[in-house]
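Each chain, letter by letter, is given below.
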Amino acid sequence: TNIEAVELRRVAIPLASPFRTSFSTQTERDVLLVRVITDQAEGWAECVAIADPLYSSEFTDGAHRIVADHLLPRLFAADRLNADLVAPLLEPVRGHRMAKAAVETAVLDAQLKAAGVPLSRHLGATATHVDSGVSVSIYDAVPELLDAVAGYLDAGYRRIKLKIEPGWDIEPVAAVRERFGDDVLLQVDANSAYTRSDARHLARLDAFGLLLIEQPLDEEDIAGHAELARVVRTPICLDESVVSAQAAYEAIRTGACTIVNIKPGRVGGYLEARRVHDVCAAAGIPVWAGGMLETGIGRAANLALGGLPNFTLPSDISASDRYFKQDLTEPITMTEDGRIEIPTGPGIGVAPIPEVLAELTVSTEVLKP
Ligand SMILES: O=C(O)CCC(=O)N[C@@H](C(=O)O)c1ccccc1
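Residues numbered from 1 in each chain as written. Predicted model: local features only at pLDDT ≥ 70, side-chain atom pairs only at ≥ 80, totals over all residues. Heavy atoms only, no water.

Peer 1: So what's going on with the pairing of strand β1 (residues 3-20)? Which residues, and what values?
Peer 2: Across 13 bridges, β1 lies against strand β2 (residues 25-38) in antiparallel orientation. Bridging across to β2, V6 finds its partner in V36. With six bridges joining them, β1 and strand β13 (residues 361-367) adopt antiparallel strand pairing. Counted as the bridge partner of E7 is V366 from β13. (Pairing = 2+ DSSP bridges. Helix = DSSP H or I, 4+ residues; strand = E, 2+ residues; numbered from the N terminus.)

Peer 1: An account of the packing of aromatic side chains is requested, with residue identities and associated values reported.
Peer 2: For the structure on display, the rule yields four aromatic pairs. Relative to Y323, the ring of F19 lies with its centre 5.6 Å away and its plane at 85°, an arrangement referred to as edge-to-face. Separated by 304 residues along the polypeptide, F19 in strand β1 and Y323 in the loop between α12 (296-306) and β12 (339-341) bring together distant segments of the chain. Where Y152 meets Y157, the ring centres are 6.0 Å apart and the plane angle is 85°; that geometry is what we call edge-to-face. Comparing Y152 with Y157, the two get one shared label, buried. Linked through ring pairs, F19, Y323 and F324 together constitute an aromatic cluster. In this arrangement the basic side chain of R159 is found over the ring face of W288, its NZ or CZ atom lying 5.0 Å from the centre. (Phe/Tyr/Trp six-rings, centres within 6.5 Å; stacked < 30°, edge-to-face > 60°. Buried < 20%, exposed > 50% of the residue type's maximum accessible area, 1.4 Å probe, protein only. Lys NZ or Arg CZ within 6 Å of the ring centre and 35° of its normal.)

Peer 1: Now, about the nonpolar core: what can you tell me, with residues and values included?
Peer 2: Counting 123 residues, the largest nonpolar core has L162 and L205 as its most contacted members. Top element by residues in this core is helix α3 (residues 97-115). It accounts for nine residues. Each of domain 1 (3-116 + 353-367) and domain 2 (121-341) accounts for three or more of the residues forming this core. When sequence neighbours within four positions are dropped, the list of residues in contact with L205 reads I164, I170, V173, V188, L210, I213 and T234. (Core = buried A, V, L, I, M, F, W, Y, C linked by side-chain atoms within 4.5 Å. Domains from an automatic or database assignment. Contact = heavy atoms within 4.5 Å.)

Peer 1: Residue-level account of the site of the ligand, with values.
Peer 2: What surrounds the ligand is a group of 19 residues, the closest being S135, K163, N191, K263 and Y323. In this structure, an oxygen atom belonging to the ligand sits 2.8 Å away from a side-chain N or O atom of K163. Here the shell around the ligand spans two domains, and each of domain 1 (3-116 + 353-367) and domain 2 (121-341) adds at least three residues to it. (Near = heavy atom within 4 Å. Polar contact = N/O pair within 3.5 Å; in protein donor to acceptor, adjacent residues only side chain to side chain.)

Peer 1: How would you sum up the sheet that holds strand β9 (residues 236-238)? Please name residues and give values.
Peer 2: With respect to topology, seven strands assemble into an open sheet ordered β5-β6-β7-β8-β9-β10-β11, the strand pairing being parallel. Among the strands making up the open sheet, the edge pair consists of β5 (133-136) and β11 (287-289). Inspection of the sheet shows strand β8 (residues 213-214) paired to β9 by two bridges, in the parallel sense. Note on β9: the bridge partner recorded for E214 is C237. Helix α6 (residues 170-180) rests against β6 (159-163) and β7 (185-189) of the sheet, and its axis sits at about 170° to β7. (Axes fitted to C-alpha atoms, helices over the stretch in contact; angles between N-to-C directions.)

Peer 1: Run through the domain arrangement of the protein chain, naming residues and quoting values.
Peer 2: Domain annotation of the protein chain identifies domain 1 (3-116 + 353-367) and domain 2 (121-341). With centres defined by C-alpha atoms, the gap from domain 1 to domain 2 works out at 23 Å. Opposite the 35 residues of domain 1 that make contact, domain 2 presents 40 residues. When domain 1 packs against domain 2, the two sides together hide about 3,200 Å² of surface, and 63% of this comes from carbon and sulfur. The three residues of domain 1 that bury the most area against domain 2 are F19, R20 and Y55, which together make up 22% of that side's buried surface. Along the contact surface separating domain 1 from domain 2 lie two salt bridges. Between E165 and R20 there is a salt bridge; the shortest N-O distance is 3.1 Å. (Buried area = accessible area lost by both parts, 1.4 Å probe. Salt bridge = Lys/Arg side-chain N within 4 Å of Asp/Glu carboxyl O.)

Peer 1: Lay out the packing of helix α11 (residues 270-282) against α12 with the relevant residues and their values.
Peer 2: The N-to-C vectors of α11 and α12 enclose an angle of 35°; their axes lie 11 Å apart at closest approach. Once α11 is placed against α12, the crossing between them reads as right-handed. Two secondary-structure elements touch here, α11 through Y270, A273 and R274 and α12 through G298, A301, N302 and L305. Each residue belonging to the contact of α11 with α12 can be placed in one class, and the counts come to four nonpolar, two polar and one charged. (Left-handed = near helix turned anticlockwise from the far one by under 90°. Nonpolar A, V, L, I, M, F, W, Y, C, P; charged D, E, K, R; others polar.)

Peer 1: Give me the confidence of the model for the protein chain: which residues, what numbers.
Peer 2: Across the protein chain, pLDDT averages 98, with 100% of residues at or above 70. Two summary scores accompany this predicted model of the complex, namely pTM at 0.98 and ipTM at 0.98. (pLDDT = per-residue confidence, 0-100.)

Peer 1: Which residues make up the environment of H277, and what values go with them?
Peer 2: Tracing the backbone through its elements, the reader meets H277 in helix α11. Taking C-alpha positions, H277 is 16 Å from L119, a pair spaced 158 residues apart along the chain.

Structure, rendered in structure tokens:
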């Protein structure tokens, strides 16, 4: 692959409704898109970093600078390039996994589009559809939450994930169970809002038959999650802590989790995400595809990954209309029975709609070797 140019484009997309988690409330997405132009095709990728460094240390402006000033120069200096060489070329730069993931994915998309190979096939997907779950915002009051959950269940979502934080945990979970019954697949996500001293409190969630409790403690408190797992019966799932296949291995070996949420941007790209998948599969640890409020560009790529065999739990890959009135791509839609078809086109199988992209673009810059 000979890179002729790389476009870095900033896009501002309003969210259809505010999305509140334990660490922030988002009303729009400030997105960095990377477009790699080669002599044979062009590839797209979405950087999953959000505007502020509140989920992880990365943030959109920072990722933009890292890509422009530290990652692309290393790519341009390479005498030959393919997607497998991107991570080794970028390795001297420490961290910045979301920025690296966007660069690697855009190169991979261009390469696969030129070869006419779908990303799902390249990664080894065996499924044609992904089970779709939905992530539910924190609300000011339980009635609003129940209305939202009712809407998602009517839409066909196979699993409900409730964002929780101290003061908004037992009551909303109990209310959802009471209103919608015991058969609804239900899990919670704390985004590191609790501490080890909350163990007994979190154990009260065991009464509600949850699939898992996601990332209750701080990203770095691996031992704390292992300690929690001895008090809480509900399976512990890690998200923020699992930044690589090595981190997945350490967390599983330490007994910190029995389920892993895989987000390609968080671990440095789809090739590392496949390694996380494989490490978990070897350890008998089921995984599911997480989400970062991606547009159709990121969602389409996540669908390809979600088709791998050890993705056995419902994903956070919801339909486009969960977050956007107008997606950057053709809308990604869910079937009545709560599944989303994995794109079959070359590469990620989608591209932005030019008119929508133009309307939402905040800035764009083109860098050349
Ligand atoms: O459906 C989605 O794409 C979002 C799923 C979700 O809840 N993502 C959360 C998370 O903590 O996993 C998140 C969103 C935005 C930024 C960081 C994290």
